[in-house]
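Observations on the model geometry
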Amino acid sequence: MTARRVLGAAAALCLIAAQPPPFYLGTWQIIAVEPAAWTHGYYEEDKLDALKKFVGEAVVFKPGSVEGPPPIACPEAQYTMSGVTASTMFDGGLVNRILTDDKTAADDTDPSGGYISAQRLAEKLGFRGFSWKSLGTGCATPENHAIEVDFATPDRAVFAVEDFIVSIRRK
């Protein structure tokens, strides 16, 4: 191997080593659990109560695993980063044609006025703009739903567990 190739390989390794770790790695805290909009107000209260017990608990994203309460713990995470919009969040759960009622503000509806806007629902969860980063963990909940973490900001995110939205923030 020539000296030039050795120097080139060394420079490439330095660039790889100098890359900052992914923004999502580190300790997060569960700050809220609430019923998802697609439940239309109908959900199992005992499941909500069980999930609310995790508020205040830590979730730690490590290079190959997620540590935390059972709904998100993942001993062998295989992360994939993608993008998400209001209409694709929670496997499209925000666009399940949620009908408006007498209490719905006109600003919360879609152009027809008959349905709640997915974009407005995303905004109520703290998402601003049109699209956001979404982290697949490669793991699933006990009900076999893929765990996807959607980031409103680099320090705030949400994920779904059955019919509930779990909010986390960086600790």
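Residues numbered from 1 in each chain as written. Predicted model: local features only at pLDDT ≥ 70, side-chain atom pairs only at ≥ 80, totals over all residues. Heavy atoms only, no water.

**Looking at unusual backbone geometry**
- Even without being a glycine, Phe90 presents a positive backbone phi close to 55°.
- Topologically, Phe90 is positioned in the loop between β4 (80-85) and α3 (118-124).
- Judged by relative accessible area, Phe90 falls into the buried class, the value being 12%.
- Unlike most non-glycine residues, Glu162 shows phi in positive territory, near 55°.
- Residue position: Glu162 is located in the loop between β7 (156-161) and β8 (164-170).
- What makes Glu162 partly exposed here is its relative accessible area of 24%. (Helix = DSSP H or I, 4+ residues; strand = E, 2+ residues; numbered from the N terminus. Buried < 20%, exposed > 50% of the residue type's maximum accessible area, 1.4 Å probe, protein only.)

**Comments concerning the nonpolar core**
- In terms of nonpolar packing, the biggest core is built from 24 residues, with Phe61, Val66, Ile72, Val149 and Ile168 touching the most fellow members.
- Every residue in contact with Val149, bar those within four places of it in the chain, is listed here: Phe61, Ile72, Lys133, Ser134, Leu135, Ala157, Val158, Phe159 and Ile168.
- Judged by nonpolar contacts, the second largest core, of 18 residues, contains Val84, Phe127, Val158 and Ile165. (Core = buried A, V, L, I, M, F, W, Y, C linked by side-chain atoms within 4.5 Å. Contact = heavy atoms within 4.5 Å.)

**Points about the state of the cysteines**
- This structure, assessed with the given rule, holds one disulfide.
- Note on cysteine connectivity: Cys74 is disulfide-linked to Cys139, with sulfurs 1.6 Å apart. Taking the sign of the S-S torsion, 45° for the link of Cys74 and Cys139, the bridge is right-handed. Of this pair, Cys74 sits in the loop between β3 (65-67) and β4 while Cys139 is found in strand β5 (residues 131-140), placing the two residues 65 residues apart along the sequence.
- Overall, the relative accessible area of 1% leaves Cys74 in the buried class.
- What makes Cys139 buried here is its relative accessible area of 17%. (Disulfide = S-S within 2.5 Å.)

**A look at the environment of Leu135**
- Mapped onto the secondary structure, Leu135 falls in strand β5.
- The buried category is assigned to Leu135, whose relative accessible area is 0%.
- Placed 111 residues apart in sequence, Leu135 and Tyr24 show a C-alpha to C-alpha distance of 8.5 Å.
- For Leu135, the residues in contact, after removing those within four places along its chain, are Tyr24, Phe61, Tyr79, Thr80, Met81, Ile147, Glu148, Val149 and Phe151.

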